[in-house]
Amino acid sequence: MIQYLVNKRELHELLKQIGILQPDEEILMVNNIELRDFSQEYVSILVDAIKTKNIYALPPDQLTEKELLALHEDLSAFAQFMILEFQQIQHQLSAVRSEMDK
């Protein structure tokens, strides 16, 4: 495996140029399991509007009720995305174990 570093700003600009992201969106997460699964035609990405970035700059006790709700929704989306990815890893591990047991 080879590890490359990709400039986040350039990656966002590229995704906007090809119509994946809207001008006010940034990519937050990529489903790495789908990305490396050659049987998958698509890969899931989680995006967010740039305007909500300020909710991550302050501790929760300094946020308004509206910002707390937005933060809760964002964190819930993160959790669901990561749970799906974990379930996909577990499925692949089970398939590999099954083949190894043959």
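Predicted model only: the values in this text are computed from it and were never measured.

1. Quick word on helix α3 (residues 65–100)
- Under the 1.5 Å per step criterion, the end-to-end length of α3 is 52 Å for 36 residues, consistent within 8% with the ideal 52 Å.
- All of the buried residues along α3 are Glu-67, Leu-71, Asp-74, Phe-78, Phe-81, Glu-85 and Gln-88.
- Contacts from the buried residues of α3 go to β1 (25–30), α2 (32–36) and β2 (45–49).

2. Section: the environment of Met-100
- As for its placement among the helices and strands, Met-100 is situated in helix α3.
- Considered as a pair, Met-100 and Ile-89 are 11 residues apart in the sequence and their alpha carbons are 16 Å apart.

3. Thoughts on the pattern of salt bridges
- If you walk through the whole model with that rule in mind, you get 1 salt bridge.
- Glu-99 is paired through a salt bridge with Lys-102; the nearest N and O atoms lie 2.8 Å apart.
- Taking the relative accessible area as the measure of exposure, Lys-102 reaches 73% and is therefore exposed.

Reading guide: rules and limits
Residues numbered from 1 in each chain as written. Predicted model: local features only at pLDDT ≥ 70, side-chain atom pairs only at ≥ 80, totals over all residues. Heavy atoms only, no water. Helix = DSSP H or I, 4+ residues; strand = E, 2+ residues; numbered from the N terminus. Expected span 1.5 Å × (residues − 1). Buried < 20%, exposed > 50% of the residue type's maximum accessible area, 1.4 Å probe, protein only. Contact = heavy atoms within 4.5 Å. Salt bridge = Lys/Arg side-chain N within 4 Å of Asp/Glu carboxyl O.

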